[in-house]
Amino acid sequence: MNSVFFSWKLIFLFYNKIKQECWWLYVADPKHFQLISAPVYICTLKDREEVEVKFSAPKTPGDYTYWVILTSDSYLDVDVRKELRVGFFLLFY
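Draft legend 1. Inspection of the packing of aromatic side chains at higher detail. Counted under the stated rule, the structure contains five aromatic pairs. Judged by centre distance (6.2 Å) and plane angle (15 degrees), the ring pair of Tyr64 and Tyr66 falls under stacked. Given a relative accessible area of 23%, Tyr64 falls into the partly exposed group. The ring of Trp67 has Arg81 lying over it, and the distance from NZ or CZ to the ring centre is 3.9 Å.

Structure below.
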């Protein structure tokens, strides 16, 4: 099977239907408690997948620290949060 179009099927004790494993991926600003990117809904993840997440640069140049967060809609306590450090600067032509 092609991993691009396949994810694990789940069966829960108190949910009588088969559910597809899905994830939410987004970038957040921990300093201001804001989402920086629109959440990306991923339902095709089996082992690994590349996803492009776009977000706008801040108005002020400088170094920023964001969180990249992966949240499951199927499992409890498996969320992953990684720090993303980015530097933005002005370009003059």
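Next comes the rest of the account.
Draft legend 2. How the structure looks around the state of the cysteines. Enumeration according to the criterion identifies one disulfide in this entry. Through a disulfide, Cys22 is tied to Cys43; the S-S separation comes to 2.1 Å. Of note, the bridge from Cys22 to Cys43 carries an S-S torsion of about 110 degrees and is right-handed in sense. One end of the pair, Cys22, is in the loop between β2 (15-20) and β3 (23-29); the other, Cys43, is in the loop between β5 (40-42) and β6 (62-72), with 21 residues separating them in the sequence.

Draft legend 3. Up close: the environment of Leu90. Mapped onto the secondary structure, Leu90 falls in the segment after β7 (80-88). As for Leu90 and Pro61, which are separated by 29 residues in sequence, their C-alpha atoms are 6.5 Å apart.

Cut-offs used in this document
Residues numbered from 1 in each chain as written. Predicted model: local features only at pLDDT ≥ 70, side-chain atom pairs only at ≥ 80, totals over all residues. Heavy atoms only, no water. Phe/Tyr/Trp six-rings, centres within 6.5 Å; stacked < 30°, edge-to-face > 60°. Buried < 20%, exposed > 50% of the residue type's maximum accessible area, 1.4 Å probe, protein only. Lys NZ or Arg CZ within 6 Å of the ring centre and 35° of its normal. Disulfide = S-S within 2.5 Å. Helix = DSSP H or I, 4+ residues; strand = E, 2+ residues; numbered from the N terminus.

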